[in-house]
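Survey of secondary and tertiary structure
Spelled out, the chains give:
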Amino acid sequence: MKKIFLALLCAVAVCGCASAEKQLIGTWVEPIPSMPGHTQGFNLAKGGKASSVNMATLVYEKWQVQDGKLILEGKSLGNGQTIPFTETWEIDALEENTLSLSGQRGTRQYTRQL
C-alpha cells in the first residue's frame, strides 16, 4: 500500500510539472520601469529553449521547471565579458495570461504577449 501511494504521489508531481511547463510556453513580458510603454522579458519555447525579449545584454538560452520553480539559464554580456548565469524563480501564480515570480531579486509580474 505504501509503495502504491508513493508511486501515485510521484505521478501527480510529474504531471503537475509537465502541466506548468506546457502553460509557460510563450512570450512573457513586464513593463520597463524607466521606459513607459516599453516591455522586456523572455520567450519560453518547447524543448527547454529560451530567448530574451528587448534585453540585449541578458541572453536567455534555456529554461526548465523544477519543484515549482522556473529556472532560466543564459549569458550576461557587457564590458567586454560574457558571464554565464542561472536565475531561479519561485512560481507564485500562473494563469492563462499572467505569471507571478519571486526570488532574490524581488517579485515580478509578467503578462503573456499575444
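Residues numbered from 1 in each chain as written. Predicted model: local features only at pLDDT ≥ 70, side-chain atom pairs only at ≥ 80, totals over all residues. Heavy atoms only, no water.

Things to note about the nonpolar core
Cut-off, in case you're wondering: To form a nonpolar core, buried Ala, Val, Leu, Ile, Met, Phe, Trp, Tyr and Cys residues must be joined to one another through side-chain atoms within 4.5 Å. Only protein chains enter the accessibility calculation, which uses a 1.4 Å probe. A residue is then buried if its area is under 20% of the maximum for its type, exposed if over 50%, and partly exposed in between. To qualify as a helix, a DSSP run of H or I must reach at least 4 residues; to qualify as a strand, a run of E must reach at least 2; elements of each kind are numbered from the N terminus. Contact definition: two residues touch when any of their heavy atoms are within 4.5 Å.
Residues L24, F42, L44 and L70 are the most contacted members of the largest nonpolar core, which totals 19 residues. Breaking this core down by element, the ones donating at least two residues are α1 (2–24), β2 (39–44), β4 (58–66), β5 (69–78), β6 (81–94) and β7 (98–103). With four residues, the single largest contributor to this core is β4. L44 has contacts with L24, I25, G26, W28, K49, A50, W63, L70 and L72, leaving out every residue within four places of it along the chain.

A look at the pattern of salt bridges
Selection rule: We count a salt bridge whenever a side-chain nitrogen from Lys or Arg sits within 4 Å of a carboxyl oxygen from Asp or Glu.
Within this structure, the stated rule accounts for four salt bridges. One salt bridge connects R108 with E30, and the closest N-O pair in it is separated by 3.3 Å. In this pair, R108 sits in strand β8 (residues 106–112) while E30 sits in strand β1 (residues 26–31), placing the two residues 78 residues apart along the sequence. Residue classification places E30 among the buried residues on the basis of a relative accessible area of 9%.

A short note on the confidence of the model for the protein chain
What counts here: The predictor reports its confidence for every residue as pLDDT, a score running from 0 up to 100.
Taken as a whole, the protein chain shows an average pLDDT of 87; of its residues, 84% reach a score of 70 or greater. Below pLDDT 50 for its whole length, residues 1–16 participates in zero contacts with residues either more than four positions away or in separate chains.

Focus: the pairing of β6
The test is simple: Two strands are counted as paired when DSSP detects at least two bridges linking them.
In this structure, β5 lies alongside β6, joined through ten bridges in antiparallel fashion. Each residue of the ladder has a partner; that of K69, found in β6, is E90. Bridging between β6 and β7 involves four bridges; their strand directions are antiparallel. Within the sheet, the bridge partner assigned to E90 lies in β7 and is S102. In this structure, the hairpin formed by β6 and β7 is closed by a connection of three residues.

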